[in-house]
Amino acid sequence: REDDGAHAPGTEEEKVLARRALRVWIPLIAMFGALMITSMLLFKGLKNLDLGLSDTQYAIIIAVISAVVWYVVRRYARRFRSSEVSRATYILFSWMQVVTASGFAFSHGSNDIANAIGLKNMTIGEGAIPVPTVAMAAFGVALIAGLWFIGREVIATVGTHLAEMSPAAGFTAELAAAIVVMLASSLGLPVSSTHILVGAILGIGLVNRNANWRLMKPIALAWLITVPAAGLCAALAFVLFNAVF
């Protein structure tokens, strides 16, 4: 938990814990986040570009980036005194949350577009035909349009109304959600990134005892309605197109 830095550790034990948090735990947490997000970008993103790098070379890149992040965060954290642990935590996690938000956005794109187009390939009989590029572009535009028109309301609901969030809590929720979505994508499982992120935020709300369960009721109802409603719309559209064409 962070505040504005007004609470300073008083006892010697609190000072030791604060110093350990600044110099040990926060750099390690940052290193873990860098390791996870770099792995996502390399093994799920850049590996598709066929750069000619082996798994060992990818592992070396991940290790180097993680070590650099650990060193930079540790050096920066050492600038703060033990009495400023709350302020340091707020500042450091504010920057780190930008990276985890980018990682979650990457994992979101790697899975949700696949959901919209029925995974990457549509199977017909024993063979598979690739989805046309124009169709993939259209679904990408549709996703961006949805974010453009209702993204602000969704961000406000998920980011502030479900539970009281701090930069450290946001970092935790985004990193956890990104890892789960990316694992699902690697396994070929279509999942909802928004549902996973909401679950991560509710988990933090449970720990902090500030989850807004009243708001969760209409969200859960929407989850139950959207799947059969989408199926019904698709069935009606299929019948209509068959009748016309």
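Everything in this summary refers to the structure shown in the same document. Predicted, not measured: the structure shown is a model, and the values here were computed from it. (Residues numbered from 1 in each chain as written. Predicted model: local features only at pLDDT ≥ 70, side-chain atom pairs only at ≥ 80, totals over all residues. Heavy atoms only, no water.)

For the rest of this paragraph, the subject is the overall build of the chain. Counting its secondary structure elements, the chain contains seven helices and two strands. Tracing the chain from N to C terminus, the helices and strands come up as α-α-α-β-β-α-α-α-α. In the chain, which comprises 245 residues, the share counted as buried stands at 29%. For the chain, contacts bridging at least 24 residues in sequence account for 75% of all contacts bridging at least 6. As displayed, the chain offers around 15,700 Å² of accessible surface, 69% of which is attributable to carbon and sulfur atoms. (Helix = DSSP H or I, 4+ residues; strand = E, 2+ residues; numbered from the N terminus. Buried < 20%, exposed > 50% of the residue type's maximum accessible area, 1.4 Å probe, protein only. Contact = heavy atoms within 4.5 Å. Areas by Shrake-Rupley, 256 points an atom, 1.4 Å probe, with all protein chains shown as cover.)

Okay, a positive patch on the surface next. Residues Arg19, Arg23, Arg75 and Arg78 make up a contiguous surface patch of positive charge. Here Arg23 shows up in helix α1 (residues 12-45). (Patch = residues over 30% accessible without salt bridge, like charges linked within 9 Å, V, L, I, M, F, W, Y side chains within 5 Å. Salt bridge = Lys/Arg side-chain N within 4 Å of Asp/Glu carboxyl O. Lys, Arg positive; Asp, Glu negative; His and termini not counted. Charge placed at Lys NZ, Arg CZ, Asp CG, Glu CD.)

To continue, consider the environment of Arg214. Structurally, Arg214 can be placed in helix α7 (residues 213-244). Distance from Arg214 to Leu162, taken between C-alpha atoms, is 9.0 Å for residues 52 residues apart in sequence.

Taken as a whole and judged by the stated rule, the model has one aromatic pair. Between Phe93 and Phe171 the ring centres are 5.3 Å apart and the planes differ by 70°, which places this aromatic pair in the edge-to-face class. Of this pair, Phe93 sits in helix α3 (residues 85-116) while Phe171 sits in helix α5 (residues 167-186), and the two are 78 residues apart along the sequence. (Phe/Tyr/Trp six-rings, centres within 6.5 Å; stacked < 30°, edge-to-face > 60°.)

Even without a glycine there, the phi angle at Arg209 is positive, about 60°. Residue classification places Arg209 among the exposed positions, given a relative accessible area of 79%.

What follows is about the nonpolar core. Counting 21 residues, the largest nonpolar core has Leu162, Leu197 and Ile201 as its most contacted members. With residues near it in sequence (within four places) discarded, Leu197 still touches Phe104, Val158, Ala173, Glu174 and Ala177. (Core = buried A, V, L, I, M, F, W, Y, C linked by side-chain atoms within 4.5 Å.)

To continue, consider a nonpolar patch on the surface. Together, Val24, Trp25, Leu28, Ile29, Ile60, Val64, Val68, Trp70, Tyr71 and Val72 line one region of the surface with nonpolar side chains, adding up to about 880 Å² of accessible area. Counting residues per element, the ones that place at least two in the nonpolar patch are α1 and α2 (55-77). Along the chain, Val24 falls in helix α1.

With that settled, the discussion passes to the side chain of Ser66. Structurally, Ser66 is set in helix α2. Beyond its immediate sequence surroundings of up to four residues, Ser66 is in contact with Met31, Ala34 and Leu35.

α7 packs onto helix α6 (residues 193-208) with a crossing angle of 160° between their chain directions and a minimal axis gap of 13 Å. Here α7 runs roughly antiparallel to α6, going by the angle between their axes. Crossing of α6 over α7 shows left-handed handedness. On the side of α6, the interface is formed by His195, Val198, Leu202 and Leu206, while α7 contributes Trp213, Met216 and Trp223. When grouped by side-chain class, the residues that make up the contact of α6 with α7 number six nonpolar, one polar and no charged. (Axes fitted to C-alpha atoms, helices over the stretch in contact; angles between N-to-C directions. Parallel < 35°, antiparallel > 145°, perpendicular 65-115°, else oblique. Left-handed = near helix turned anticlockwise from the far one by under 90°. Nonpolar A, V, L, I, M, F, W, Y, C, P; charged D, E, K, R; others polar.)

Note on placement: Ile29 falls in helix α1. Sequence-distant contacts of Ile29, that is, excluding residues within four places in its chain, are made with Phe93, Met96 and Phe171.

This next bit is on α5. In this model, α5 (20 residues) spans 28 Å end to end at C-alpha, consistent with the 28 Å of a helix rising 1.5 Å per residue. For α5, a buried count of 14 out of 20 residues is recorded, marking the element as mostly surrounded by other parts of the structure. (Expected span 1.5 Å × (residues − 1).)

Another point: the packing of α5 against α6. Contact pair α5 / α6: the axes reach a minimum separation of 9 Å and the direction vectors enclose 140°. Taken together, α5 and α6 sit at an angle that is classed as oblique. Like other packed secondary-structure pairs, α5 and α6 cross with a definite hand, here right-handed. Counting all contacts with α5, which are made through Ala169, Thr172, Ala173, Glu174, Ala177, Val180 and Val181, the residues of α6 involved are Ser193, Ile196, Leu197, Ala200, Ile201 and Ile204. A per-class count over the contact of α5 with α6 returns 10 nonpolar, two polar and one charged.

With that out of the way, let us pick up the side chain of Ser39. Among the secondary structure elements, Ser39 is positioned in helix α1. Aside from chain neighbours lying at most four places away, what touches Ser39 is Lys44 and Ile62.

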